[in-house]
Amino acid sequence: MRYNINFQISALIIVVLLLHHFVTRKKLHNANTKIFTYVLILSGIYILFDLISTLAIMSYEPACENMALIILTVVYLFDIMLPYILYCCAVVSRGQGKKIDGVSMICTVVTVIMLILMLINLTSGWFFYFDQSTGYHRGSGYVMLYIYALLYIVLVIHQTLKKREDLNVHKMGVLTEIVVIEGLCMGVELYTQHVMLSGFGLALGLVFLYLTMNNPGDFIDSTTGVFDKQYFDNWIQEKLDKRTEFHLIAVEAFMLKQINKVYGSSVGDQLLVQIARELQNITGSVQVFRTTGNCFLVIMDSLTEYERNRQQIEEYFREPFIVDGEKIDFPAVICGIINSEKMEQEDVLLAYVEYLVSLVKHTDETVVIQSDDRILEGFRYEKEVEHFLKNAVEKDLFEVYYQPVYWIKEERYITLEALSRLKHPNMGMIPPDVFIGIAERQGLIAQIGLLQLRRVCRFIKENEHIMDSIRNVKFNLSPSELLKPGHSQVLIDIIKEFGLSPAYFQFEITETVATEYSESFCKAVEDFQNAGIGLCLDDFGSGYANLNAVLKLPFDVVKMDRSLLTGITCDEQAAIFYRSIVMVMQNMGYMIVAEGAETEEEVNLLRSWGVDMVQGYYFSRPLPEKELLKLF
Ligand code: C2E
Ligand code: CA
Ligand code: CA
């Protein structure tokens, strides 16, 4: 009996420590923590009763036999209830709802019978009884208690196995360990009949459970002390599944990179810590997460809380931060999503946050953007396109339209620009600006480029006579198509595969690529040049080109961006600017294409300035193959 007491006391200490540790720990409320709390409390009571029963047996005196009998009966009644409760938990967490199946019915009946038998035991002594001289004795029915417990162990394991798709390998591993520990302890208990280890095994199992699957401390972001992305993932999906109302504020500290560069990354870290702390202070909650390097998410359960916090967070970011006595502006994009539960999936919610942030144009002060129906619609549209795009690439659902470019000098069309088109069965034509952008972000653009180049090659091959009247076909290349190693050769090979002359092609490259990556895409440019493919600098004047870098590249043609054209007919300054650039570029030996001319007035001006070619709706919109062939 002595070791029983020792084991039970240590088990009790373990459980109490665990409970203390768990309750005082910063944690989020979710099903996991709730279940763990219940299990912890139930186990604590079980172990306590185990201890009481051992004490009652040890200190048995015939004089107070009734007292001991009642205490032990209460303990055993609890012993009978416990497996039943655990089983019910397993069934409920499997989500079988209110439907009661046959097995559960039988279990209820069996448990009730056992409870009644235990009460009858007060007079029958079937489970246990006291002998005036030798004290406590197990009755012939005692073994039923073991069989009963075993039955439930099997049932709970069965329920868990049924649920195994929802459990990852890690969780299954932990559960197995607990069952093994508890099983071993019960085995020893059954074998020796007097070393009672089941409570101790339970306590050990709980420690395991706590250390491995329920330890929020593992999911704290080491820099800022708030919860990390991994914890957010688990927690938020449960919230979304339950469809309880919640509201989200995302704070993106978009200047972090610059701050790190200017002040050093330790200052950047300090600023992040300040933000994390302040977000927790303002919201008075632990529901703050750092999901990426510079992005924090705060979850609120009520709308009034949300409104108040959003305002306070905004005010906080409008004031400069102070690090080591120095004032530093650290603006943020603050996104608010009311009723975030409507997003249903975590990845959709996070993508929506990203989308909201992307809507904020270049800025250097704090901006607040709140989700509304219009923005949400835009997001859903993009998602739909994104989804469709993968399908479109697989099935090659694209088309090419050709926009003729007019040669002023000879008053005829001299070249064509190939422009991609994509039609959605329900949504209609998807503008290339939209799907090209998405394709670039999704890493699909190179594939689309290949499909389209093949399509253009096929078209030219079938109608080679059009090449008698035009010089070449212009084909757009996105940055990633130029930067992907070896891709330039793949493009060239396709042209050769069709037996076409590379001189039939002119690739269009935007000025920003030429600027940003002048080093890395030199190889591609060289390949094109060696193969005899022409190059055109596209969208000239739309970004911030590094002219020095751009002009080193072997372009034949410079295409003036459409935006430069706005106002040339009514704004003297705009006109002077346009004309001057045309002059400079022509003096440097480039041919000039003016893009986007829609009126006769514009075309007349461009002609008078000596622009070589004009591309615009005034002459022709982009045309499908058939219509283009009619034109020639
Ligand atoms: P971009 O290369 O600047 O192409 C010219 C765009 O200006 C085309 O838009 C054309 O329809 C439009 N445009 C031409 N003349 C006029 C005019 O007079 N008025 C107005 N308002 N617009 C005019 P589109 O076809 O919608 O293409 C948009 C952009 O999508 C293209 O701009 C290009 O950057 C990209 N893109 C299209 N097809 C491809 C492709 O196959 N590959 C890649 N990488 N990008 C493509
Ligand atoms: Ca173009
Ligand atoms: Ca352009």
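Use the structure listed above.
Reference entry: report on the structure contained in this document. Worth saying up front: this structure is predicted, and the values here are computed from it rather than measured. (Residues numbered from 1 in each chain as written. Chains lettered and ligands numbered in written order. Predicted model: local features only at pLDDT ≥ 70, side-chain atom pairs only at ≥ 80, totals over all residues. Heavy atoms only, no water.)

1. With respect to the site of ligand 1
Inclusion rule: We call a residue near a molecule or strand as soon as one heavy atom of that residue lies within 4 Å of the molecule or strand. Residues adjacent in sequence count toward polar contacts only when both atoms are side-chain atoms; beyond that, a polar contact is any pair of N or O atoms within 3.5 Å, and within protein one must be able to donate a hydrogen and the other to accept it. To measure how exposed things are, a 1.4 Å probe is used in the Shrake-Rupley method; for residues, cover is taken only from the protein chains shown. Secondary structure is summarised from DSSP: a helix means a run of H or I of at least four residues, a strand means a run of E of at least two, and numbering begins at the N terminus for each. For this scheme, ten residues count as nonpolar: Ala, Val, Leu, Ile, Met, Phe, Trp, Tyr, Cys and Pro. Four count as charged, namely Asp, Glu, Lys and Arg, and the remainder, Gly too, count as polar.
Close to ligand 1 lie 22 residues, the nearest being S420, R421, S478, E598 and Y617. The contact in question runs from an oxygen atom of ligand 1 to an N or O atom on the side chain of S420, over 2.5 Å. Between ligand 1 and Y617, the relevant distance is 2.8 Å, taken from an oxygen atom to a main-chain nitrogen or oxygen of the residue. A total of 790 Å² of accessible area belongs to ligand 1 in isolation, and the protein chains cover 87% of it. The set of elements that each furnish at least two residues to the shell around ligand 1 consists of β12 (412-424), α14 (432-442) and β16 (534-540). Here the shell around ligand 1 takes four residues from β12, the largest share from any one element. Looking at the shell around ligand 1 residue by residue, the classes come out as seven nonpolar, six polar and nine charged.

2. Concerning the nonpolar core
Our working definition: We call a set of buried Ala, Val, Leu, Ile, Met, Phe, Trp, Tyr and Cys residues a nonpolar core when their side-chain atoms join them within 4.5 Å. Note on classification: 1.4 Å probe, protein chains only; a residue is buried when its accessible area is under 20% of the maximum for its type, exposed when over 50%, partly exposed between these limits. The contact definition used throughout considers only heavy atoms, calling two residues in contact when any of these lie within 4.5 Å.
Formed by 64 residues in total, the largest nonpolar core has its most connected members in F505, F507, F528, Y578 and L606. Excluding anything up to four places from it in sequence, Y578 contacts M560, L564, L565, I568, A594, E595, L606 and W609. Grouped together as the second largest cluster of nonpolar side chains are 31 residues, F219, F232, L356 and V360 included.

3. As for the environment of L82
Residue position: L82 is located in helix α3 (residues 65-93). Residues L82 and Y46, 36 residues apart in the sequence, show an inter-C-alpha distance of 8.1 Å. Ignoring any residue separated from it by four or fewer positions in sequence, one finds L82 in contact with L42 and Y46.

4. Notes on the packing of helix α18 (residues 487-497) against helix α20 (residues 522-531)
Short version of the rule: Axis lines are fitted to C-alpha atoms, over the contacting stretch for helices. Their N-to-C directions set the angle, which ranges from 0 to 180 degrees. Convention used here: angles under 35 degrees read as roughly parallel, angles over 145 as roughly antiparallel, angles from 65 to 115 as roughly perpendicular, and any remaining angle as oblique. Left-handed describes a crossing whose near helix is turned anticlockwise from the far helix through less than a right angle; right-handed describes the clockwise counterpart.
At a minimum axis distance of 9 Å, the contact between α18 and α20 shows a crossing angle of 25 degrees. Viewed along their axes, α18 and α20 adopt a mutual orientation that is roughly parallel. Note that α18 runs across α20; the crossing there is right-handed. The residues of α20 that touch α18, namely those facing S488, Q489, L491 and I492, are A524, D527, F528 and A531.

5. Concerning the pairing of strand β14 (residues 472-476)
Two faces belong to every sheet, and in a regular strand the side chains alternate between them. Put simply, the rule reads: For two strands to pair, DSSP has to find at least two bridges joining them.
By the criterion of burial, β14 is predominantly enclosed, with four of the five residues buried. Pairing of β12 with β14 involves four bridges; the strand directions are parallel. Bridge assignment links L416 to a residue of β14, and that residue is V473. Note: β14 against strand β15 (residues 505-510), four bridges, orientation parallel. If you follow K474 over to β15, its bridge partner there is Q506.

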